[in-house]
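Single-letter residue listing:
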Amino acid sequence: MEREHKYWHLNQFKLSKRLTKDEMMHLCEFLVMKHFKKGEQIRLKNGNGCDVYFLKSGTVKIISLYDSGEEAIKYLVNEGEIFGVLGLTGGENDNDYAMAIEDSLICIIESSTLRKMMDNNSRLNNYLFKMAGMRIQKLERKLESLVYKDAETRITEFIDDYIKKFGALAGDAMVAKNILSNKDIGKLTSTSRQTVNKVLNEMKNKGILDFDKNIIQIKLKTHKR
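Residues numbered from 1 in each chain as written. Predicted model: local features only at pLDDT ≥ 70, side-chain atom pairs only at ≥ 80, totals over all residues. Heavy atoms only, no water.

K.L.:
Help me understand the packing of helix α1 (residues 2–10) against helix α2 (residues 21–30), please; the structure alone is not making it clear to me.
P.N.:
Packed helix pairs are specified by the crossing angle of their axes together with the interaxial distance, meaning the distance between the axes. Across the interface, α1 lies against α2 with an axial gap of 9 Å and an inter-helix angle of 115°. Accordingly, the angle class assigned to the pair α1 and α2 is roughly perpendicular. Judged by the twist between their axes, the crossing of α1 over α2 is right-handed. Of the residues in α2, those touching α1 at Arg3, Glu4, Lys6, Tyr7 and Leu10 are Lys21, Met24, Met25, Leu27, Cys28 and Glu29. Across the contact of α1 with α2, the residue classes tally to 6 nonpolar, no polar and 5 charged. (Axes fitted to C-alpha atoms, helices over the stretch in contact; angles between N-to-C directions. Helix = DSSP H or I, 4+ residues; strand = E, 2+ residues; numbered from the N terminus. Parallel < 35°, antiparallel > 145°, perpendicular 65-115°, else oblique. Left-handed = near helix turned anticlockwise from the far one by under 90°. Contact = heavy atoms within 4.5 Å. Nonpolar A, V, L, I, M, F, W, Y, C, P; charged D, E, K, R; others polar.)

K.L.:
For this particular structure, what's the right way to read the sheet that holds strand β13 (residues 215–219)?
P.N.:
Strand pairing in a sheet relies on backbone hydrogen bonds, with the paired strands running either antiparallel or parallel. Across the sheet, 4 strands lie side by side as β10-β11-β13-β12; this open sheet has antiparallel pairing. Every interior strand has two partners, whereas the edge strands, β10 (168–170) and β12 (209–211), have only one. Strand-to-strand twist across the sheet, computed as the mean angle between neighbouring axes with direction ignored, equals 30°. Relative to β13, strand β11 (residues 173–177) is paired through 5 bridges, and the arrangement is antiparallel. Bridge pairing links alanine 173 to lysine 219 in β13. (Pairing = 2+ DSSP bridges.)

K.L.:
Help me understand the pairing of β13 in this model?
P.N.:
Working note: regular strand, side chains alternate between the two faces of the sheet. Pairing analysis gives 3 bridges linking β12 to β13, with the strands arranged antiparallel. Bridge assignment links phenylalanine 211 to a residue of β13, and that residue is isoleucine 216. In this structure, the hairpin formed by β12 and β13 is closed by a connection of 3 residues.

K.L.:
In this structure, what is going on with the nonpolar core? I would like to understand it.
P.N.:
Note on soluble globular proteins: their nonpolar side chains tend to be buried together. Membership of the largest hydrophobic core comes to 24 residues, with the highest contact counts inside it found for Leu76, Phe158, Ile159, Tyr162, Ile163, Leu180 and Leu209. Counting only elements with at least two residues in this core, the list comes to β6 (71–77), β8 (96–100), α5 (151–166), β11, α6 (182–189), α7 (193–205) and β13. Counting residues per element, this core draws most heavily on α5, which supplies 6 residues. If we skip the residues at most four places from it in the chain, tyrosine 162 touches Leu76, Gly167, Ala176, Lys177, Ile179, Leu180 and Ile216. (Core = buried A, V, L, I, M, F, W, Y, C linked by side-chain atoms within 4.5 Å. Buried < 20%, exposed > 50% of the residue type's maximum accessible area, 1.4 Å probe, protein only.)

K.L.:
Can you help me understand the pattern of salt bridges in this one?
P.N.:
A side chain of one charge can pair with a side chain of the opposite charge if their charged atoms are brought near each other. Counted by the stated rule, this structure contains 9 salt bridges. When the shortest N-O distance is used, the salt bridge between lysine 187 and glutamate 71 registers 3.4 Å. Highlighted residues: lysine 187 in helix α6 and glutamate 71 in strand β6, separated in sequence by 116 residues. For lysine 187, a relative accessible area of 23% corresponds to the partly exposed category. In this structure, glutamate 157 and lysine 149 form a salt bridge, with 2.8 Å as the shortest nitrogen-oxygen distance. (Salt bridge = Lys/Arg side-chain N within 4 Å of Asp/Glu carboxyl O.)

K.L.:
What's the story with the side chain of arginine 135 in this structure? I'm lost.
P.N.:
Looking at where arginine 135 falls in the secondary structure, it is placed in helix α4 (residues 122–148). Glutamate 81 is the oppositely charged side chain nearest to the buried, salt-bridge-free arginine 135, at an N-O distance of 4.8 Å. Arginine 135 has contacts with Tyr75 and Leu86, leaving out every residue within four places of it along the chain. (Lys, Arg positive; Asp, Glu negative; His and termini not counted.)

K.L.:
Help me understand the packing of aromatic side chains, please; the structure alone is not making it clear to me.
P.N.:
For any pair of aromatic rings, the description rests on two quantities: the centre-to-centre distance and the angle between the ring planes. Across all of its chains, the model carries 4 aromatic pairs by this definition. Where phenylalanine 13 meets phenylalanine 54, the ring centres are 5.3 Å apart and the plane angle is 80°; that geometry is what we call edge-to-face. Here phenylalanine 13 is found in the loop between α1 and α2, whereas its partner phenylalanine 54 is found in strand β4 (residues 49–57), with 41 residues between them in sequence. Judged on exposure class, the residue phenylalanine 13 and its partner phenylalanine 54 are both buried. What links up through ring pairs into an aromatic cluster is the set Phe158, Tyr162 and Phe166. Over the aromatic face of phenylalanine 211 sits the side chain of lysine 204, whose NZ or CZ is 4.6 Å from the ring centroid. (Phe/Tyr/Trp six-rings, centres within 6.5 Å; stacked < 30°, edge-to-face > 60°. Lys NZ or Arg CZ within 6 Å of the ring centre and 35° of its normal.)

Structure follows, in structure tokens:
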């Protein structure tokens, strides 16, 4: 019964379309399901290498810890997404770790198990390498943004992208849960918390943005879709 339960959860991910039912059931034998509380750290490496994570519910942030002790948030992971795939290509930074922004349910599989399956399934192999490539491209675009765009532009573009990714239509607005602190947004955009607070309040005063402790929203008439 437990394996059927895991199968149901895993079947919600796009990766399942690259697997036969037998391969899915095999994967479920090694799959571990775990609940993480808000603020709980999630390791990206284990004693044998890396784990790959399927985020069933909740939100996770991927964090880089620099030698100086400073932290930067590299990107956010939404429910239905997979993270840790850079470990399959050797691209995961040893100082990276993940943290649950809200209570999260995650399916965990060792990368060695996936690698064996990838060797025998070209569709799975191509899909996971494509995912890793897209993740690297997003990180490269973020680096370009730091070089060529000012702080205000980085913050406003991040807010727009965040609401597109995590929000949904509600009447005449795009609405998302407000689960990030100004400090988090600062770490995602390489700006200060004070600058984030200033830009968000300016956007609110102009009627572009509205937010409280629960939600953040952009009205459709000001939102380019």
